[in-house]
Structure formats: C-alpha cells, structure tokens
Amino acid sequence: MIVAIDAASTELGLALAERDGTPLAEVGWTSAQRQSAELLPRLLEAVEGSGRQLRELAGVGVGTGPGSFTGLRVAMSLAKGLAFALDRAIVGVPSLAAWLEADPETEAAVARAGAREAYVLVRGSDTPLLTDAATVAHRLGGRPVVAPTELAVAFGLRRATGPRGALVIARRAAMRLDADPRGDDVRMLEPMYLRAPRGLEGRPQGEVRWL
Amino acid sequence: MSGPRILAIESSCDETGVAVVVGGRRIEANQVATQVALHAATGGIVPEIAARQQLRWIIPMLEAALETSGADWGALDAVAVTYGPGLIGSLLVGVNLAKALAVVHDLPLVGVNHIEGHIYANWLTDAPADEPLPPEPEFPLLCLVVSGGHTQLVLMHDHGRYTLLGQTVDDAAGEAFDKVGRLLDLPYPGGPAISEAAVGAIPATRFPRARTDGPYDFSFSGLKTAVGREVAGYRERGEPIPVDGIAAAFEEAVVDALASKTVVAAREHGVAAVALGGGVAANRVLRATLAERLAADGLPLLVPPPAWCTDNGAMIGAAAGFRFAAGDRADASLEAIPNLALPWLEAP
Ligand SMILES: [Zn+2]
C-alpha cells in the first residue's frame with residue numbers, strides 16, 4: 001500500500017493506492033488552520049476504512065509544493081515519520097504537476113505564495129514561477145486552471161477547479177518505486193520553497209522573534 | 001530498568017533535539033543539532049530559517065539518538081514531544097513527526113510543555129544504569145527559567161503543580177543579551193559574547209534597575225534602551241566605546257535583577273531549593289551570584305550542566321517521565337500551540 005499526502009494548499013488531500021498504483025481511497029477537505037490536527041487522524045480513518053493497516057505501508061508519497069509552508073511542513077513531517085518508523089521509502093512529488101495531471105482540462109495550476117503572490121505552473125512547463133496577483137488575474141482570470149477556492153476567489157480566477165492531486169502523487173510514487181525502490185532520502189527531502197526565507201535580506205526588526 | 005523508556009523530541013525553536021530518557025531521569029541518548037552558526041549571519045533567529053532547518057535535521061537526530069541508546073522500537077514505552085510554547089513552524093515539525101512515530105508503533109504519545117522541560121532538566125542524570133540515581137530535587141522548589149524566549153519565576157509545589165510568581169513584562173533576559181550584543185557590535189549569540197567581554201572588566205557605569213508592578217516580574221527593555229543611549233553618547237563625543245565595561249555593567253544589571261528577586265521569592269515561600277533552567281542559566285556570573293546569595297540563607301542552587309540548560313530532547317524526556325506516570329496522553333490530533341502556558345495554580 002502507498003499512502004500519499006498533499007497539503008500544499010488549504011485544500012488537503014490524502015490517497016491510498018496499491019503498490020502498483022491502483023487507487024484504493026481518496027479523501028479531500030478544506031482546512032485553513034488545522035492541518036496539524038486533522039491530517040493524521042483522517043489518514044488513519046482512511047487506512048481503517050479501506051480495511052488496511054499502516055504496517056502494510058510499502059511507501060509514502062508526499063507533495064513537495066510549492067505552496068503553503070505550514071501545510072507542506074505538516075505533510076513532510078508526517079511523511080518522514082511514517083517512512084522512517086516503518087523503514088519504508090519516501091517519494092517527493094511536485095504538487096502543482098500532480099494537480100495538472102489530475103485535471104487534464106486545465107491550463108495551469110496556481111497555489112498561494114503569501115498575500116499578493118502565487119506559484120504558477122503552466123501546463124507543458126517544468127518549473128513553477130512566483131507571480132504577482134495582478135499578473136495571475138490578467139493572464140489566467142478567464143482560463144481553466146487548478147487552484148484552491150480561496151485563492152481563486154481572492155485572485156479572480158473565474159474558471160478554477162479545486163486541486164485533487166493525492167491519487168496522482170500515490171501513482172507517481174508507485175511508479176518511482178518500481179524504477180528505484182529506495183525513493184528519496186528521508187533525511188534530506190524537503191518542500192520546494194522557491195523563495196528564500198523571509199528575513200535573509202533587509203530583515204525588519206519586528207519580524208524576528210527569539211524563543 | 002526503572003520507569004518508562006521515552007523517546008523525546010524537541011523542535012520548538014532553532015535546536016533540533018532527540019533523546020531517549022528512562023524513568024524521567026536517566027539519559028540514554030541526547031542528540032542536538034544547533035543552528036547558532038546559521039543565525040549568527042542574521043544576528044538572531046529567523047523563524048522561517050529555523051523551521052526549514054528543523055525539517056532537515058529531525059531524521060538525522062532521531063537516527064543518532066536511537067543508535068546511541070541502542071533501543072529499538074520494541075524497547076520504547078512512549079514518544080514525547082514539545083507542543084509549545086515556541087515558533088509554530090518549528091513546533092509543527094516535531095509534533096507531526098512524533099505523532100507518526102507513535103501511531104505506527106502503537107506507542108503512547110505525551111505532549112510536553114517546553115518550560116516544564118527546562119524545569120525538569122534538574123531531574124536528569126547521565127549516571128550509568130548500574131549506578132544509583134542522585135537524589136531528586138525537593139519541593140517546594142523555586143525555578144528560575146531564563147532563556148532567549150522566556151524569563152519566568154515559577155514556584156513548583158510538587159510534580160506538575162506550579163504557581164507563576166513573575167515573568168518578564170517585555171524582553172526575555174536572553175533576548176536582552178542578544179540585542180545588547182548587537183548594540184556593542186559583539187557576535188551572535190549575545191549571551192556568551194557579553195559574558196566573555198565582561199570577564200575581569202570594571203563596569204563602565206551603573207545602569208538603572210527596572211521597577212515592575214508585580215514584585216517578581218522582570219523588565220529588560222529599559223535596560224537595553226539605556227545601553228543604547230550610553231553607546232550613542234560615546235559615539236557623539238567621538239570617544240572609543242568601552243565595550244568590556246559596558247558589557248560588565250549590563251551583565252551586572254541583568255544578574256542583579258534576576259538574583260535579587262529570586263532570593264526574595266525563595267525567602268517568602270520557604271522553598272527547599274532553587275533551580276535554574278534555560279540557556280541563560282549557563283551564565284557564570286548569574287550562577288555564582290545566585291549561589292552566593294542563596295548560601296547566606298542555607299539554600300542549595302541546582303544548575304543543570306549547560307548542555308541540558310539550552311534546548312534539548314532530554315529535558316522533554318524528563319518532564320514526559322512525570323507526565324507519563326500521571327497518565328497524560330495525547331493523540332493523533334495533537335496540535336502545536338505557540339503560546340502554550342503551564343497549567344498555573346492560583347497564587348498562594
Ligand atoms: Zn527553551
């Protein structure tokens with residue numbers, strides 16, 4: 001069994017698939033703040049609902065974004081924990097590419113990058129770009145795109161459909177493990193950030209906290 | 001073996017710690033990755049940098065801790081993790097990793113308050129398993145928790161029973177050290193740099209001690225401002241800044257504020273001992289001054305070794321030992337709580 005987690009946006013997704021990629025279950029829901037509280041319980045429910053056990057895990061697929069730093073951190077920490085605890089492989093799959101693959105009618109995938117910017121992956125391209133809201137609205141406002149609802153509303157994407165990338169992540173992870181059973185390095189795997197951490201340059205005093 | 005063997009994870013700020021602690025006291029492994037060098041470049045902790053590093057270091061530290069202890073999953077009785085207070089991005093990493101480990105191996109999960117961890121560092125020992133445990137701290141115990149993020153004076157009546165006597169109303173003591181370190185152009189972190197500069201120096205001035213509403217509260221932002229004015233004065237006059245002398249005067253003012261309130265509180269509450277915790281507990285002048293003033297009252301000062309004062313997994317394992325015995329359990333929905341407080345009792 002492959003478990004896949006996609007938490008790059010406020011629309012969270014989980015999927016279970018057979019080792020060969022055949023879908024077993026998919027769950028999607030919206031949560032802006034409670035990824036840390038909700039992801040693991042929902043995952044355990046899905047496993048139980050499919051009559052499976054976590055111990056049957058063969059590998060973990062995890063969306064690497066780019067997107068919500070919080071969501072990606074929660075997903076990545078859970079995925080690392082599951083993979084390490086069971087000594088199974090982990091595979092990182094770019095989230096926006098998975099969203100596009102799941103929704104063939106769309107031309108681009110859009111994820112939030114702060115208040116006034118978005119990560120945009122245009123179909124046919126390999127690299128998501130950091131783009132400001134005005135450009136996103138101008139270029140993609142009337143086009144069919146994948147984007148979480150809150151972002152579509154905020155950025156004026158009138159023909160957006162919500163992301164559903166988890167099953168694709170599971171399938172891609174299964175394919176990857178066929179080709180390379182070791183998968184990614186569980187120590188080093190990290191989200192695709194695209195942005196330097198805020199604060200590395202021109203850091204305003206107020207943003208720094210000591211704990 | 002005496003008591004549960006707990007795998008403990010600490011990721012509340014910029015240290016990534018994983019430890020194995022038995023019975024809340026005996027350290028079998030205590031691995032810490034620190035980001036001090038990284039943050040030296042920015043002069044302080046940048047939350048997003050800290051969180052990214054947590055995700056990078058957590059598995060290597062976990063591997064190292066399990067290897068050092070020699071414990072496999074079957075030999076563990078629980079997984080413990082800091083769930084607050086701290087930086088949200090950093091906390092999330094440890095909390096979610098710990099939850100995954102616990103559910104996979106069907107181990108109880110214990111959520112630990114970071115401040116409680118600092119206090120329980122006083123219960124830790126690295127004595128080998130065939131040696132008897134050193135005696136436990138006695139209650140009532142007065143705990144001064146001082147670090148870059150916290151400055152609290154806590155009266156501990158018994159395991160898990162605390163009264164908050166006072167705390168900083170603005171900057172934490174360690175934060176004041178870092179800020180003054182920058183004013184004096186000293187390297188980050190400011191605590192060790194200021195202490196080093198102050199060794200043997202004659203204080204260049206006497207900085208005012210802050211007045212606070214609560215008798216056991218602390219305030220350090222006025223002191224920082226006073227240092228800034230002093231430094232600016234030398235600059236305006238075109239005189240060289242007596243860095244060592246100002247560092248000594250600043251350290252003296254911080255230590256005096258911490259020590260005098262702690263001693264008064266110890267007397268008022270008739271405690272059995274005073275315990276230090278947190279990164280600033282490594283400050284030699286603080287340790288020496290407190291020990292000397294408490295000795296006049298015949299009171300012992302407990303100070304963990306520096307490695308257990310700064311953030312680490314073992315202190316979380318120590319607090320978890322008590323929490324585990326008391327039946328505290330968290331589940332898969334455990335959240336990170338950045339402003340988590342201890343469950344305070346009413347003031348006595
Ligand atoms: Zn701390």
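Residues numbered from 1 in each chain as written. Chains lettered and ligands numbered in written order. Predicted model: local features only at pLDDT ≥ 70, side-chain atom pairs only at ≥ 80, totals over all residues. Heavy atoms only, no water.

## Looking at the domain arrangement of chain A
Residue and element names in this part refer to chain A.
Then, in step 1: Domains assigned within chain A are domain 1 (2-95 + 164-179) and domain 2 (98-161).
Then, in step 2: On a C-alpha basis, the centroid separation for the pair domain 1 and domain 2 is 22 Å.
Then, in step 3: If you look at the interface, domain 1 gives 18 residues, while domain 2 gives 11 residues.
Then, in step 4: In total, about 1100 Å² of surface goes out of reach between domain 1 and domain 2, with carbon and sulfur atoms giving 56% of it.
Then, in step 5: Contact with domain 2 buries surface across domain 1, with Glu11, Pro66 and Val168 losing the most and accounting together for 36% of the total.
Then, in step 6: Linking domain 1 with domain 2 are two salt bridges, by the criterion used here. (Domains from an automatic or database assignment. Contact = heavy atoms within 4.5 Å. Buried area = accessible area lost by both parts, 1.4 Å probe. Salt bridge = Lys/Arg side-chain N within 4 Å of Asp/Glu carboxyl O.)

## A word on the sheet that holds strand β5 (residues 109-113) of chain B
Residues and elements named next belong to chain B.
Then, in step 1: Sheet architecture is open: five strands sit in the order β3-β2-β1-β4-β5, paired in mixed fashion. Each end of this open sheet is capped by a strand with a single partner; those strands are β3 (26-34) and β5. Across this sheet, the average inter-strand angle for adjacent strands is 20 degrees, counted without regard to direction.
Then, in step 2: Pairing of strand β1 (residues 5-10) with strand β4 (residues 78-84), which is carried by four bridges, proceeds in the parallel orientation. Pairing of Ala8 across the sheet is with Ala80, part of β4.
Then, in step 3: Sitting on the sheet, helix α3 (residues 88-104) is in contact with β1, β4 and β5, with an inclination near 160 degrees to β4.
Then, in step 4: Strand contacts of helix α11 (residues 313-325): β1, β2 (15-22), β3, β4 and β5, with the helix running at about 130 degrees to β1, the strand carrying the most contacts. (Pairing = 2+ DSSP bridges. Helix = DSSP H or I, 4+ residues; strand = E, 2+ residues; numbered from the N terminus. Axes fitted to C-alpha atoms, helices over the stretch in contact; angles between N-to-C directions.)

## A word on the pairing of β5 of chain B
All names here are of chain B.
Then, in step 1: β5 sits mainly inside the fold: five of its five residues count as buried.
Then, in step 2: Of the two faces of β5, the one carrying Leu109, Gly111 and Asn113 and the one carrying Val110 and Val112 are both buried.
Then, in step 3: In this fold, the crossover linking β4 to β5 by way of α3 has right-handed handedness. (Buried < 20%, exposed > 50% of the residue type's maximum accessible area, 1.4 Å probe, protein only. Right-handed = clockwise from strand over helix to strand, strands pointing away.)

## A short note on the side chain of Glu116 of chain B
Then, in step 1: Turning to its location among the elements, Glu116 of chain B is positioned in helix α4 (residues 114-120).
Then, in step 2: What Glu116 of chain B contacts, discounting residues up to four positions off in sequence, is Gly160, Tyr162, Ala319, Phe322, Arg323 and Leu342 of chain B.

## Points about the environment of Glu346 of chain B
All names here are of chain B.
Then, in step 1: As for its placement among the helices and strands, Glu346 is situated in the segment after α11.
Then, in step 2: Since its relative accessible area comes to 71%, Glu346 is described here as exposed.
Then, in step 3: Along the primary structure Glu346 and Ile246 are separated by 100 residues, whereas in three dimensions their C-alpha atoms are 40 Å apart.

## A look at the coordination of the zinc ion
Angles at a metal have ideal values that depend on geometry: 109.5 degrees with four tetrahedral donors, 90 or 180 degrees with six octahedral donors.
Residue and element names in this part refer to chain B.
Then, in step 1: Within the protein, His114 (NE2), His118 (NE2) and Asp311 (OD) serve as the donor atoms for the zinc ion, at 2.1 to 2.2 Å.
Then, in step 2: In the primary sequence, the donor residues of the zinc ion line up as H-x3-H-x192-D. Of this pair, His114 and His118 both sit in helix α4, four residues apart, which is roughly one turn of that helix.
Then, in step 3: For His118, a relative accessible area of 0% gives the class buried. (Donors = N, O, S within 2.8 Å, 3.2 Å for Na, K, Ca; no water.)

## Here's the deal with the interface of chain B and chain A
Then, in step 1: Taken together, the 46 residues of chain B in the interface contact 40 residues of chain A.
Then, in step 2: For the chain B and chain A pair, buried surface summed over both sides reaches about 3800 Å², with 64% attributable to carbon and sulfur atoms.
Then, in step 3: Among the residues chain B hides against chain A, the three largest losses belong to Arg52, Leu55 and Val104 of chain B. Together they make up 19% of the total.
Then, in step 4: In this structure, the connection of chain B to chain A is made through four salt bridges.
Then, in step 5: With a closest N to O distance of 2.7 Å, Arg34 of chain A and Glu335 of chain B form a salt bridge.
Then, in step 6: Our enumeration of links across chain B and chain A arrives at nine residue pairs in polar contact (both at pLDDT 80 or more).
Then, in step 7: For the side of chain B that touches chain A, the elements supplying multiple residues, two or more each, are α2 (47-69), α3 and α5 (173-183) of chain B.
Then, in step 8: Of the residues that constitute the side of chain B that touches chain A, the class distribution is 25 nonpolar, 11 polar and 10 charged. (Polar contact = N/O pair within 3.5 Å; in protein donor to acceptor, adjacent residues only side chain to side chain. Nonpolar A, V, L, I, M, F, W, Y, C, P; charged D, E, K, R; others polar.)

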